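# Descriptive structure summary
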Amino acid sequence: MDKRENVIKKIRECSPLVHNITNYVVMNNTANALLAIGASPIMSHAIEEIEDILNISSSLVINMGTLSEKWIESMVFAAKKANELNKPFVLDPVGVGASMYRNETANKIIESSTPNVIRGNASEIMALAQIAIATKGVDSTAKSKDAISAAQKLSKKLNNTIVISGEMDFVITQDTITEIKGGSSLMPAVTGMGCTSTSIIGACIGVESDFHLASCAGMELMGRIGKKAEKLSHGPSSFQMNFIDSLYNLYK
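What this report covers is the structure whose coordinates are included nearby.

### Some details on the packing of helix α2 (residues 27–37) against helix α10 (residues 236–248)
Relative to each other, α2 and α10 sit at 25 degrees, their axes nearing to 7 Å. Regarding the angle of α2 to α10, the classification is roughly parallel. You can see that α2 and α10 cross each other, and the crossing is right-handed. On α10, the residues touching Asn-29, Asn-32, Ala-33, Ala-36 and Ile-37 of α2 are Gln-240, Ile-244, Leu-247 and Tyr-248. By residue class, the composition of the contact of α2 with α10 is six nonpolar, three polar and no charged.

And the structure:
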């Protein structure tokens, strides 16, 4: 059996509990995607229960989409606790480079505990790499391949795995670069597809300790299901529905 395929099958077998601190826009989408692949999502951001939830979770997803001071406190606290409890976590630095507030938030989270995986689009990864050196925003129209050098620099600095998503996806762990093909032109027309890929990676790292392999498995699944859903769809709305159905029916 292909190693990536085996990771996805392990999710069905183990049903990992994935703790998501994510944004209002995508909570429903990402929870449904996790349920469809056999994971068990919990969307909890209250700092008062984070330690309890992390204790029973397999992994943590932190998504910076909709920020507020209380949520940032919870994200930083969760990152620290994940490290203490040896729970893997993936960071989605949504909008990094767009504002100093987002830049500072990403730094706070990373400084509190290094994410095992960071998943973002090219501009976010490039901005994050520059934040680690000298805070500076970048053009949001960058292509995935333009961010490879920045991702390698970031991966070596943090000793983790960086995922660049876009028309072509790249999974980078220091000098190891894996290109993932697939996906659909309808994906950018549906909000939260990037956030969905981050949560799916969260499920993958919950069952697989090789974070490069886990990230490849998650992104390959996103691309494969995106292609399948596109063939069944007439536009963004039906694509969203068919994407979840195709995830659910993957092994049926």
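### Some words on the pairing of strand β2 (residues 40–43)
The sheet contact formed by strand β1 (residues 17–21) and β2 spans four bridges and is parallel. Bridging from a neighbouring strand, Val-18 pairs with Pro-41 of β2. Tracing the backbone out of β1, into α2 and back to the parallel element β2 gives a crossover that is right-handed.

### Concerning the packing of helix α1 (residues 3–14) against helix α9 (residues 211–232)
Running from amino to carboxyl end, α1 crosses α9 at an angle of 85 degrees, the nearest separation of the two axes being 9 Å. Compared by their axis directions, α1 and α9 come out roughly perpendicular. For the pair α1 and α9, contact is made by Lys-3, Arg-4, Glu-5, Val-7 and Ile-8 and by Leu-213, Cys-216, Ala-217, Glu-220, Leu-221 and Arg-224, respectively. Broken down by class, the residue content of the contact of α1 with α9 amounts to six nonpolar, no polar and five charged.

### Focus: the pattern of salt bridges
Tallied over the full model, the rule gives seven salt bridges. A salt bridge links Glu-5 to Arg-224; the shortest N-O distance between them is 3.0 Å. Linking Glu-5 in helix α1 with Arg-224 in helix α9, this pair joins segments that are 219 residues apart in sequence. Between Glu-84 and Lys-81 there is a salt bridge whose closest N-O contact spans 2.9 Å. Placement of both Glu-84 and Lys-81 in helix α4 (residues 69–84) is noted, with a separation of three residues, approximately one turn of the helix. In this structure Lys-81 comes out as buried when scored by relative accessible area, which is 14%. Each of Glu-5, Glu-220 and Arg-224 takes part in salt bridges that share partners, so that together they form one network.

### Describing α10
Taking 1.5 Å of rise per residue, 13 residues should cover 18 Å, and α10 covers 19 Å from first to last C-alpha, within 8% of that figure. All buried positions along α10 are accounted for by Ser-238, Phe-239, Asn-242, Phe-243, Ser-246 and Leu-247. Viewed along the axis of α10, the buried residues span an arc of 165 degrees, placing them on a single side of the element.

### Some points on the environment of Asn-6
The residue Asn-6 is located in helix α1 in this model. A residue is classified by how much of its surface remains accessible, and Asn-6, at 32% relative accessible area, is partly exposed. Residues Asn-6 and Ala-214 lie 208 residues apart in sequence; the distance between their C-alpha atoms is 9.9 Å.

### Focus on the sheet that holds strand β5 (residues 117–121)
If you trace the eight strands from one edge of the open sheet to the other, you get β2-β1-β3-β4-β5-β6-β7-β8, paired in mixed fashion. The outermost strands of the open sheet, each flanked by one partner alone, are β2 and β8 (176–180). Strand after strand, the sheet turns through a mean of 20 degrees between neighbouring axes, direction not considered. Summarising the sheet, strand β3 (residues 59–63) and strand β4 (residues 89–92) pair through four bridges and their orientation is parallel. Paired with Ile-62 across the two strands is Leu-91, which belongs to β4. Strands β1 and β2 of the sheet are contacted by α2, whose axis makes an angle of about 160 degrees with β2. Along the sheet face, α9 touches β5, β6 (161–165), β7 (169–173) and β8 and points at about 175 degrees away from the line of β7.

Calculation notes
Residues numbered from 1 in each chain as written. Predicted model: local features only at pLDDT ≥ 70, side-chain atom pairs only at ≥ 80, totals over all residues. Heavy atoms only, no water. Axes fitted to C-alpha atoms, helices over the stretch in contact; angles between N-to-C directions. Helix = DSSP H or I, 4+ residues; strand = E, 2+ residues; numbered from the N terminus. Parallel < 35°, antiparallel > 145°, perpendicular 65-115°, else oblique. Left-handed = near helix turned anticlockwise from the far one by under 90°. Contact = heavy atoms within 4.5 Å. Nonpolar A, V, L, I, M, F, W, Y, C, P; charged D, E, K, R; others polar. Pairing = 2+ DSSP bridges. Right-handed = clockwise from strand over helix to strand, strands pointing away. Salt bridge = Lys/Arg side-chain N within 4 Å of Asp/Glu carboxyl O. Buried < 20%, exposed > 50% of the residue type's maximum accessible area, 1.4 Å probe, protein only. Expected span 1.5 Å × (residues − 1). Arc of directions from axis to C-beta.

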